[in-house]
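Residue strings, one per chain:
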Amino acid sequence: MKRLIYKEFLMDKKSKIGMPLVLLYLMSMVIIFNYALISQNNYKTNFWHGLYWLIVLLIAIHSVSRIFFQENEKRDFYYYQICNPQSLIGARLIYNFILLVLINIITIVLFTIFFESPIGTINVFFAFSLLGTFGLSGSLTLTSSIANKAGKNPVLLSVLSFPVIIPIIILSVSSINHLTIQESWKDLVTLLSIDILVVVLSLILFPYIWKS
Amino acid sequence: MKNRTWKIVAIILLIYTFLGGLFFKVPRLPILNETIRVLHFHVPMWFGMIILFSFSVFYAFQYLKNGSESSDICSVEFANVGIVYGILGLVTGMTWANFTWGEPWSGDPKQNASAIALLIYMAYFILRGSVKDIIKKARLSAVYNIFAFTIMIPLLFILPRMTDSLHPGSGGNPGFNAYDLDSNLRLVFYPAVIGWSLLGIWITTLRIRLKKLEVHINGQ
């Protein structure tokens with residue numbers, strides 16, 4: 001399975017505009033948000049968490065869909081023959097997770113530059129951020145594989161994944177209310193359980209999607 | 001269906017619900033007063049929706065297991081009527097909230113969660129609409145059905161309980177479980193739940209029969 005992850009990475013590198021495209025998209029969005037909110041009071045601190053998760057979500061959908069749209073049918077057929085579906089989706093999950101974590105970190109850096117960072121406690125923020133990203137990547141992987149089979153429509157991907165992502169976002173944004181890890185234990189556990197649920201579901205359901 | 005008694009039972013229960021709900025004596029609590037009668041119409045909608053969606057998921061599993069088109073039809077029609085019940089539940093809830101909480105939509109977690117649950121199932125129908133091939137459509141929608149149901153359950157039941165909510169049963173409000181419900185209300189409530197759920201199942205079976213006939217005619 002390690003080879004599969006490596007393969008995903010190679011494929012992404014092959015399309016030369018892959019990662020830089022996402023980075024550029026990210027930067028332009030941050031700048032646009034900066035200018036869009038400039039007239040509000042305290043725009044730098046008030047909207048931080050919400051904006052942050054908004055941007056992460058949009059970029060995540062964009063990048064995950066980009067990855068899946070690079071698949072084509074003949075290669076799919078080849079994969080069908082040589083590896084079992086669980087390891088394929090496992091590889092995709094892990095690759096998406098790593099990608100999204102990278103995007104997360106870059107977004108945090110960009111946000112700290114443009115908007116002041118009101119992060120209370122780094123630990124709590126990172127815990128929520130990590131778990132939220134995990135949930136995002138899990139649900140996006142599953143829904144993008146569904147959307148991929150259903151006609152490669154990017155809008156379909158967004159429509160399918162938004163309702164599933166909403167509880168994840170709700171729980172992740174609630175990191176703003178907590179100062180220590182002890183306090184936020186309940187929310188973290190809920191987020192973790194949703195993540196596990198999504199990943200397990202993906203592992204179980206993917207073979208059925210794969211069959212066609 | 002040859003055995004028609006359950007439909008007659010459904011009708012009788014519903015007539016009883018309407019008459020009893022509107023005419024029986026209800027306990028008067030502050031703020032709620034007589035609007036508590038909506039309980040018999042609002043909550044059974046949600047019970048009915050959950051039951052219909054459970055049937056839908058069950059048939060989705062069946063489809064994945066044996067690939068028969070009839071399971072797929074059953075799954076879709078149960079989801080269809082489930083969404084209708086969900087919308088009705090939301091509308092009755094909003095009407096009730098207008099009188100008791102002051103505004104139809106107060107951003108209450110349970111309200112939001114139920115709106116999101118409806119969005120999930122509407123996305124299910126969009127998914128079905130966007131795939132042309134019948135077998136692929138059925139398989140993809142079965143997978144998404146299971147996914148949606150599994151996400152919906154924590155969304156509707158776990159998340160609102162964890163946060164402060166205006167709804168009874170969460171955030172420090174007394175709940176609607178068996179120990180809190182006045183026995184007068186219970187007289188009408190339990191039959192109401194059964195009656196509305198049976199009605200939902202009846203509507204669904206009619207739609208399934210209609211759909212199967214359509215498919216049969218179109219296939220030949």
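Remember, it's a predicted structure, so these values are computed and weren't measured experimentally.

Draft legend 1. Focus on the overall build of chain A. Check the secondary structure of chain A and you find 9 helices and 0 strands. Listed by position from the N terminus, the elements making up chain A come as α-α-α-α-α-α-α-α-α. Put simply, chain A has 212 residues, and 53% of those count as buried. A separation of at least 24 residues holds for 86% of the contacts in chain A among residues at least 6 apart in sequence. Total accessible area on chain A is roughly 10,100 Å²; 69% of this is exposed by carbon and sulfur atoms.

Draft legend 2. Structural view of the pattern of salt bridges. Residue and element names in this part refer to chain B. This model, assessed by the stated rule, comprises 3 salt bridges over all chains. The salt bridge involving E77 is made with K211; its shortest N-O contact spans 3.6 Å. Note that E77 is positioned in helix α3 (residues 69–100) and K211 in helix α6 (residues 183–219), a separation of 134 residues in sequence. Exposure remark for E77: the relative accessible area of 1% places this residue in the buried category. Ionic contacts of the salt-bridge type, sharing partners, join the residues E77, R207 and K211 into one network.

Draft legend 3. Representation of the interface of chain A and chain B within the structure. Listed as interface residues are 25 residues of chain A and, on the opposing side, 22 residues of chain B. Counting each side, the surface lost to burial between chain A and chain B is near 2,300 Å², with a carbon and sulfur contribution of 85%. Scanning the region where chain A abuts chain B turns up 1 residue pair in polar contact (both at pLDDT 80 or more). Secondary-structure elements contributing two or more residues to the side of chain A that touches chain B are α7 (122–149), α8 (154–173) and α9 (185–210) of chain A. Broken down by element, the side of chain A that touches chain B gets its largest block of residues, 9 residues, from α9(A).

Draft legend 4. Looking closely at the confidence of the model for chain B. Residues and elements named next belong to chain B. Scored by pLDDT, chain B comes out at a mean of 77, with 81% of its residues at no less than 70. In this model, residues 170–179 is a region of pLDDT below 50 whose contacts with residues beyond four sequence positions or in other chains number 24 contacts. Predicted complex, confidence summary: ipTM 0.72, pTM 0.77.

Draft legend 5. The arrangement of the nonpolar core in detail. Ranked by internal contacts, the top residues of the largest apolar core, which has 106 residues, are A:L136, B:Y144, B:F147 and B:M152. Of all the elements, helix α5 (residues 134–162) of chain B adds the most residues to this core, at 13 residues. Contact partners of B:M152, with chain neighbours within four places excluded, come to B:M49, B:I50, B:F53, B:A117 and B:Y121. B:I36, B:W96, B:F189 and B:V193 belong to the second largest nonpolar core, which has 7 residues in total.

Draft legend 6. Spotlight on helix α2 (residues 39–66) of chain B. For α2(B), built from 28 residues, the straight-helix expectation of 40 Å at 1.5 Å per residue is met to within 8% by its first-to-last C-alpha distance of 40 Å. Positive phi appears at B:G67, one or two residues downstream of α2(B), with a value of about 60 degrees.

Draft legend 7. Spatial organisation of the packing of α7(A) against α8(A). All names here are of chain A. Closest axis-to-axis distance for the α7/α8 pair is 9 Å, and the angle between their directions is 160 degrees. Relative to α8, α7 is oriented roughly antiparallel. Both α7 and α8 take part in a crossing whose hand is right-handed. Within the contact between the two elements, α7 uses F128, G132, G135, L136, S139, L140, T143, S144, I146 and A147 and α8 uses L156, L157, L160, S161, V164, I165, I168, L171 and S172. Taken together, the residues of the contact of α7 with α8 break down into 12 nonpolar, 7 polar and no charged.

Draft legend 8. Seen up close, the packing of aromatic side chains. A complete count under the given rule lists 9 aromatic pairs over all chains for this structure. Ring centres of A:F97 and A:F134 lie 4.9 Å apart, and the angle between their planes is 70 degrees; this geometry places the pair in the edge-to-face category. Of this pair, A:F97 sits in helix α6 (residues 85–114) while A:F134 sits in helix α7; the two residues are 37 residues apart in sequence, bridging distant segments of the chain. Taking the relative accessible area as the measure of exposure, A:F97 reaches 21% and is therefore partly exposed. A relative accessible area of 28% places A:F134 in the partly exposed class. Centre to centre, the rings of B:F41 and B:W196 are 6.3 Å apart; their planes meet at 75 degrees, and the pair counts as edge-to-face. In this pair, B:F41 is assigned in helix α2 and B:W196 in helix α6, connecting sequence segments 155 residues apart. Like B:F41, the residue B:W196 is buried in the burial classification. One aromatic cluster is present, built from ring pairs that chain together B:F53, B:Y121, B:Y124 and B:F125.

The rules behind each value
- Residues numbered from 1 in each chain as written.
- Chains lettered and ligands numbered in written order.
- Predicted model: local features only at pLDDT ≥ 70, side-chain atom pairs only at ≥ 80, totals over all residues.
- Heavy atoms only, no water.
- Helix = DSSP H or I, 4+ residues; strand = E, 2+ residues; numbered from the N terminus.
- Buried < 20%, exposed > 50% of the residue type's maximum accessible area, 1.4 Å probe, protein only.
- Contact = heavy atoms within 4.5 Å.
- Areas by Shrake-Rupley, 256 points an atom, 1.4 Å probe, with all protein chains shown as cover.
- Salt bridge = Lys/Arg side-chain N within 4 Å of Asp/Glu carboxyl O.
- Buried area = accessible area lost by both parts, 1.4 Å probe.
- Polar contact = N/O pair within 3.5 Å; in protein donor to acceptor, adjacent residues only side chain to side chain.
- pLDDT = per-residue confidence, 0-100.
- Core = buried A, V, L, I, M, F, W, Y, C linked by side-chain atoms within 4.5 Å.
- Expected span 1.5 Å × (residues − 1).
- Axes fitted to C-alpha atoms, helices over the stretch in contact; angles between N-to-C directions.
- Parallel < 35°, antiparallel > 145°, perpendicular 65-115°, else oblique.
- Left-handed = near helix turned anticlockwise from the far one by under 90°.
- Nonpolar A, V, L, I, M, F, W, Y, C, P; charged D, E, K, R; others polar.
- Phe/Tyr/Trp six-rings, centres within 6.5 Å; stacked < 30°, edge-to-face > 60°.

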